[in-house]
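Now for the letters of each chain:
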Amino acid sequence: MNLNSPLLEIKDLQVSINENEILKKLNLTINKGEIHAIMGPNGSGKSTFSKVLAGHPAYSVLNGEILFKGSSILPLDPEERSHLGIFLAFQYPIEIPGVSNEDFLRLAYNAKQKFSNKLEVDPIEFLGIINKTLELVNMSPLFLSRNVNEGFSGGEKKRNEILQMILLDSELSILDETDSGLDIDALKIISTGINKFMTPDKAIVLITHYQRLLDYINPTYVHVMQNGKIVKTGSSDLAKELENKGYEWLT
């Protein structure tokens, strides 16, 4: 990767599902050290965009390119994209009965260690690593013995997603409506974890409906997506304007 090249570059991306075109010549450039907030009305393509970046197989890329660290990731499956440093926090995290959080997280961590030709860790070593990470999202070690997201509140599920992001130390994190369904205390905890995780070597994409998340996480850019493309880009002030005016004034 050229040191001056973008971390992520999306060129004229067109995507469909079930023969219905969702993304229409979408363009976006993200550099290291940047936080990009993507806002827009329901059905504008925000969640589709996040899933396509992660490699969801249900979507067909009709045209365009997705370059991560200068190389196309279109041929890669989701696992390969994850190993390269792309992370997606789901809008609706799924429950995995019968699989403990501890086992799930350790296997994910060791899979990335193996990909990077680093030593895998045993359960005792992993506990030392994960306990430090738990503190960043204010989660009790008791969560490790529970099944993945089973019986978790909405806030606990979202904290679990951020816990995974921090543990995997992803370079590009896409957070799909991480703030949805959270009370103010949970929102503050998650925002603190995200802010502590962010460094000049990473980038974050925040997909959100509401400006309130941006009270705690200061975006480099705010983009408005409508009808499958980005129609306006601005600073954090744009999010405040959208909160007051809605989206109709942009069409």
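Position numbers for residues count from 1 along each chain, tracking the sequence in the order it is written. With pLDDT at 70 or above as the cut-off, local features in this predicted model cover only qualifying residues; side-chain atom pairs require 80 or more to be listed or tallied, and sums for whole chains, interfaces and linings still use all residues. Hydrogens and waters are ignored; side-chain quantities use all the structure's heavy atoms.

Novice: Would you explain the nonpolar core in this entry?
Specialist: Generally speaking, a soluble globular protein has its nonpolar side chains buried in company with each other. We call a set of buried Ala, Val, Leu, Ile, Met, Phe, Trp, Tyr and Cys residues a nonpolar core when their side-chain atoms join them within 4.5 Å. Exposed residues in this analysis have more than 50% of their type's maximum accessible area, buried residues have under 20%, and partly exposed residues fall in between, with area computed by a 1.4 Å probe over protein chains only. If you look at the biggest cluster of nonpolar residues, it comprises 41 residues, and the most contacted ones within it are I130, I162, M165, L175, I194, I204 and L206. Note on conventions: DSSP H or I runs of at least 4 residues are helices, E runs of at least 2 residues are strands, and numbering of each starts at the N terminus. The dominant element in this core, judged by the number of residues it contributes, is helix α5 (residues 154-168), at 6 residues. In this description, contact between two residues means that some pair of their heavy atoms is separated by no more than 4.5 Å. Those residues in contact with I194 that sit more than four places away from it in its chain are I162, M165, L175, I204 and I217. Of all hydrophobic cores here, the second largest spans 27 residues; its members include I22, I30, F49 and V52.

Novice: Which parts of the structure should I look at to understand the packing of helix α3 (residues 101-115) against α5?
Specialist: Between two packed helices, what matters for the description is the angle formed by their axes and the separation of those axes. Where α3 contacts α5, the two axes come as close as 10 Å, and the packing angle between them is 30°. Regarding the angle of α3 to α5, the classification is roughly parallel. Considering the relative orientation of α3 and α5, their crossing is right-handed. Seen from α3, the contacting residues are N101, F104, L105, A108, Y109 and K112; seen from α5, they are N160, L163, Q164, L167 and L168. For this classification, the nonpolar set comprises Ala, Val, Leu, Ile, Met, Phe, Trp, Tyr, Cys and Pro, the charged set comprises Asp, Glu, Lys and Arg, and every other residue, Gly included, is treated as polar. For the contact of α3 with α5, the class distribution of residues is 7 nonpolar, 3 polar and 1 charged. The axes used here are C-alpha line fits, helices contributing only the stretch in contact, and every angle between their N-to-C directions lies in the interval 0 to 180 degrees. Convention used here: angles under 35 degrees read as roughly parallel, angles over 145 as roughly antiparallel, angles from 65 to 115 as roughly perpendicular, and any remaining angle as oblique. Note: crossing handedness is left-handed where the near helix turns anticlockwise from the far helix by less than a right angle, and right-handed where it turns clockwise.

Novice: Would you take a moment to explain the sheet that holds strand β10 (residues 203-207) for this structure?
Specialist: Sheet strands associate in pairs through backbone hydrogen bonding, adopting either a parallel or an antiparallel arrangement. Strand order in the open sheet made by the 6 strands is β6-β9-β10-β3-β11-β12, with mixed pairing throughout. The open sheet has two free edges, formed respectively by β6 (86-89) and β12 (229-234), since each of these has just one partner strand. When the angles between neighbouring strand axes are averaged without regard to direction, this sheet yields 20°. The rule for pairing is simple: two strands pair if DSSP sees at least two bridges between them. Pairing of strand β11 (residues 221-226) with β12 involves 5 bridges; the strand directions are antiparallel. When the bridges of β12 are listed, V224 appears paired with K232.

Novice: How should the pairing of strand β1 (residues 8-17) be read in this particular structure?
Specialist: Looking along a regular strand, one sees side chains alternate from face to face of the sheet. Sheet analysis places β1 next to strand β2 (residues 20-30), joined by 7 bridges and oriented antiparallel. Residue pairing for β2: E9 is matched across the bridge by T29. The hairpin turn running from β1 into β2, its antiparallel successor, is 2 residues long, and N18 in that turn takes a positive phi close to 55°. Strand direction decides the pairing type here: β1 and strand β4 (residues 60-68), joined by 7 bridges, are antiparallel. Following the sheet pairing, L8 is matched in β4 by F68.

Novice: What's the story with the environment of H56 in this structure? I'm lost.
Specialist: Structurally, H56 is set in the loop between α1 (46-54) and β4. Classification of H56 as partly exposed rests on a relative accessible area of 37%. Residues H56 and D77, spaced 21 residues apart in sequence, show a C-alpha to C-alpha distance of 8.1 Å. Pairing of N or O atoms within 3.5 Å defines a polar contact, subject to two protein rules: one partner must be a possible hydrogen donor and the other a possible acceptor, and residues neighboring in sequence count only if both atoms are side-chain atoms. Within the local environment of H56, its side chain forms a polar contact with the backbone nitrogen of A58, the two atoms lying 3.1 Å apart.

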